[in-house]
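An overview of the molecular structure
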Amino acid sequence: MQALNRRNFLNFAARKPEPAGFWLHVNRSAMACRFEVTLPIADRAGVVVATDALNLIDELDAQLSFFRESSDISFVKRAAAKRAVAIDHSLFDLLTLCKS
C-alpha cells in the first residue's frame, strides 16, 4: 500500500465519486420556479406519475397566480371588492386548505 503524501492526498480528496447509476429528470417551470422529479433510469413508468404531478402544479398555478390575468384568484381580486363572486368548489377547498 502506497503512503499518501500531501499532494496525493489533495488529489485523492478532490476526486468526485462516480455516479451509482443514471437518472431521468422530468421538469417544468411554473410559479417562477423549476419543478423537477428525478427518477432512476430504470423507472420509466414513473415518468407518467411525474408528468401527472407536474400537470397538477400547472393547474394550481392557473388557479392561484396573481400574475396571470386569467387566473381564478385574479378574477376574485378584481371582482370581489365590488360584489359577491361565485368561485369554483376546488378553488374554495384549496383556499380553505391554505388557511389551515
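Predicted model only: the values in this text are computed from it and were never measured.

Basis of the calculations
Residues numbered from 1 in each chain as written. Predicted model: local features only at pLDDT ≥ 70, side-chain atom pairs only at ≥ 80, totals over all residues. Heavy atoms only, no water. pLDDT = per-residue confidence, 0-100. Helix = DSSP H or I, 4+ residues; strand = E, 2+ residues; numbered from the N terminus. Buried < 20%, exposed > 50% of the residue type's maximum accessible area, 1.4 Å probe, protein only. Patch = residues over 30% accessible without salt bridge, like charges linked within 9 Å, V, L, I, M, F, W, Y side chains within 5 Å. Areas by Shrake-Rupley, 256 points an atom, 1.4 Å probe, with all protein chains shown as cover. Salt bridge = Lys/Arg side-chain N within 4 Å of Asp/Glu carboxyl O. Core = buried A, V, L, I, M, F, W, Y, C linked by side-chain atoms within 4.5 Å.

What about the confidence of the model for the protein?
Low-pLDDT portions of the prediction should not be read for the details of their coordinates. The predicted model of the protein has a mean per-residue pLDDT of 83, with 80% of residues at 70 or higher. When pLDDT is averaged over each helix and strand of the protein, the minimum, 57, is found for helix 1 (residues 6–14) and the maximum, 92, for strand 2 (residues 33–40).

A closer look at unusual backbone geometry
The phi angle at methionine 31 is positive, at roughly 55°, despite the residue not being glycine. Here methionine 31 lies in the loop between strand 1 (23–30) and strand 2. The partly exposed category is assigned to methionine 31, whose relative accessible area is 39%. Despite not being glycine, alanine 32 shows a phi value in the positive range, around 60°.

Side note on a nonpolar patch on the surface
A contiguous nonpolar patch, built from Ile87, Phe92 and Leu95 and spanning about 240 Å² of accessible area, is present on the exposed surface. Within the secondary structure, isoleucine 87 is located in the loop between helix 3 (72–79) and helix 4 (89–99).

Focus on the nonpolar core
Val26, Ala30, Ala50, Leu54 and Ile57 form the largest nonpolar core, which has 5 residues in total. Those elements that provide at least two residues to this core are strand 1 and helix 2 (46–64). It is helix 2 that contributes the most residues to this core, 3 residues altogether.

Focus on the pattern of salt bridges
Evaluation of the coordinates by the stated rule reveals 4 salt bridges. The partner of arginine 78 in a salt bridge is glutamate 69, with the nearest N and O atoms 3.2 Å apart. Residue arginine 78 is classed as partly exposed on the basis of its relative accessible area, which comes to 39%. Accessibility expressed as a relative area gives 61% for glutamate 69, which makes it exposed.

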